[in-house]
Amino acid sequence: MDYEQIKYDTKDGILTITLNRPDKLNAFTGKMLSELLDAMDRADRDDDVRAVVFTGAGRGFCAGADLSGGANTFNSENRGPVDPGLDGHRDGGGLFTLRLYESLKPTIAACNGPAVGVGITMQLAMDIRLASEAARYGFVFTRRAIVMEACSSWFLPRLVGPQQALEWVMTGRVFSAEEALNGRLVRSIHKPDDLLPAAYALAREIADNTAPVSVALNRQMIWRMLGADHPMEAHKVDSKGIYSRGKSEDVKEGVTAFLEKRPARFPMKVSDGMPSYFPWWPERKFK
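Let me begin by describing the structure that accompanies this report. (Residues numbered from 1 in each chain as written. Predicted model: local features only at pLDDT ≥ 70, side-chain atom pairs only at ≥ 80, totals over all residues. Heavy atoms only, no water.)

## Section: the overall build of the protein chain
Then comes step 1: Along its length, the protein chain carries twelve helices and nine strands.
Then comes step 2: For the protein chain, whose C-alpha radius of gyration is 19 Å, the value lies close to the compact-globule estimate of 19 Å for 287 residues.
Then comes step 3: Over its C-alpha atoms, taken along the principal directions, the protein chain stretches across nearly 60 × 45 × 40 Å.
Then comes step 4: In the protein chain, which comprises 287 residues, the share counted as buried stands at 48%.
Then comes step 5: Nonlocal contacts in the protein chain, meaning residues at least 24 apart in sequence, comprise 70% of its contacts between residues at least 6 apart.
Then comes step 6: When the accessible area of the protein chain is evaluated, it comes to approximately 14700 Å², of which 53% is carbon and sulfur surface.
Then comes step 7: Taking the 37 positively charged and 37 negatively charged side chains of the protein chain as two groups, their mean positions are separated by 3 Å. (Helix = DSSP H or I, 4+ residues; strand = E, 2+ residues; numbered from the N terminus. Rg over C-alpha atoms; globule rule 2.2 N^0.38 Å. Buried < 20%, exposed > 50% of the residue type's maximum accessible area, 1.4 Å probe, protein only. Contact = heavy atoms within 4.5 Å. Areas by Shrake-Rupley, 256 points an atom, 1.4 Å probe, with all protein chains shown as cover. Lys, Arg positive; Asp, Glu negative; His and termini not counted. Charge placed at Lys NZ, Arg CZ, Asp CG, Glu CD.)

## Comments concerning the pattern of salt bridges
Then comes step 1: Evaluated as defined, the whole model comprises 15 salt bridges.
Then comes step 2: The salt bridge partner of R173 is E167, with a shortest N-O separation of 2.6 Å.
Then comes step 3: Between E283 and K285 there is a salt bridge, with its nearest N and O atoms 3.6 Å apart. The pair formed by E283 and K285 is uniform in burial state, with each residue classed as exposed.
Then comes step 4: The structure contains a network of salt bridges with shared partners spanning D41, D44 and R99. (Salt bridge = Lys/Arg side-chain N within 4 Å of Asp/Glu carboxyl O.)

## Considerations on the packing of helix α9 (residues 212-225) against helix α10 (residues 231-246)
Any two packed helices are characterised by how steeply their axes cross, that is the angle between the axes, and by the distance between the axes.
Then comes step 1: Between α9 and α10, whose axes approach to 11 Å, the crossing angle comes to 175°. Classified by the angle their axes make, α9 and α10 are roughly antiparallel. Across from V213, S214, L217, M221 and M225 in α9, the residues of α10 making contact are E233, A234, V237, D238 and R245.
Then comes step 2: Taken together, the residues of the contact of α9 with α10 break down into six nonpolar, one polar and three charged. (Axes fitted to C-alpha atoms, helices over the stretch in contact; angles between N-to-C directions. Parallel < 35°, antiparallel > 145°, perpendicular 65-115°, else oblique. Nonpolar A, V, L, I, M, F, W, Y, C, P; charged D, E, K, R; others polar.)

## With respect to the packing of helix α1 (residues 30-45) against helix α3 (residues 92-101)
Then comes step 1: Where α1 meets α3, the closest approach of the two axes is 10 Å, and the angle between their N-to-C directions is 10°. What the angle tells us is that α1 and α3 run roughly parallel. Together, L33, L36, L37, M40, D41 and D44 of α1 and G92, L95, F96, R99 and L100 of α3 make up the contact between the two elements.
Then comes step 2: Residue composition of the contact of α1 with α3, grouped by class: seven nonpolar, one polar and three charged.

## Focus: the nonpolar core
Then comes step 1: Counting 49 residues, the largest nonpolar core has I17, F54, F96, Y137, F139 and L185 as the members making the most contacts within it.
Then comes step 2: Take this core: its biggest share by element is seven residues, from α1.
Then comes step 3: Judged by nonpolar contacts, the second largest core, of eleven residues, contains I14, I108, A110 and A198. (Core = buried A, V, L, I, M, F, W, Y, C linked by side-chain atoms within 4.5 Å.)

## Focus: α10
Then comes step 1: The first and last C-alpha atoms of α10 sit 22 Å apart over 16 residues, in line with the 22 Å expected at 1.5 Å per residue.
Then comes step 2: At its buried positions, α10 is contacted by α9 and α11 (249-259). (Expected span 1.5 Å × (residues − 1).)

## Quick word on the sheet that holds strand β6 (residues 128-132)
Then comes step 1: Sheet architecture is open: six strands sit in the order β1-β2-β3-β4-β6-β9, paired in mixed fashion. Of all strands in the sheet, those bounded by a partner on one side alone are β1 (6-11) and β9 (188-190). Here the average twist between neighbouring strands, direction ignored, is 20°.
Then comes step 2: For β6 and β9, the ladder comprises three bridges, and the chain directions are parallel. Opposite S132, over in β9, you have H190 as the bridge partner.
Then comes step 3: The strands touched by α1 within the sheet are β1, β2 (14-19), β3 (51-56) and β4 (107-111), with β1 carrying the most contacts at an inclination of about 20°. (Pairing = 2+ DSSP bridges.)

## Re the environment of L130
Then comes step 1: Tracing the backbone shows L130 in strand β6.
Then comes step 2: Owing to a relative accessible area of 0%, L130 belongs among the buried residues under this scheme.
Then comes step 3: A C-alpha to C-alpha distance of 10.0 Å links L130 and T55, two positions 75 residues apart in sequence.
Then comes step 4: With sequence-adjacent residues up to four places away left out, L130 is seen in contact with I108, A109, A110, C111, Y137, R187, S188, H190, L195, A198, A199 and L202.

If you want it as structure tokens, here you go:
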């Protein structure tokens, strides 16, 4: 796919996906959704991509849904499918966060400016969120008379707790990066020029020191266990993983490299090295 509303740039194992409608504060459209979904599929297929950093072009991350459709912007009866071949009644933001949830690569948000509506809810499904001092956040749904989207009623309270989630959502106010940090929405705040270097440093630490298959498995274990009803569910998956990975070439290399006091060179790839028990969950259908 030739992208029009995002940029897809890879360098030294790190993929940067930039929302690219700067004249519209990167407002979210059906076209942007299609491109983001394609980009994530592409990233998962590419073994050279070890981490993904998301940011926005210009002075904003994403101003939320494109409201140029006026009063009927959120009326699915008038806008049709958000993506070719998909049910028009499905929420577009949710399609993207569900795809992020399934990702085999770690994802990092580098929020460079305003992020409201889907601009912030899409970040909830990313693994780590960094903010610029210029970032502003808003779960503005109640001020537009709509409801939370992009699966944010699942993600947000798990990240910040129900009390903080309820306050931000019920008031619908726009708040600062500092409040986001205090509410545990973001990991850290950076000066604007330092934001991407900080995100890349974190991505670089993953890319340079870890086994790709192990990262993919551990990422899924943490996200999936958020919905488990008993630690036994974690024990079942842990046991399969320790058994399968324990005899792998990756683990042999990891232990040998440690004993020899040298950087590890893990041979296994996500594209063909995921263990036979993966995925261990049944596919969820939209009904």
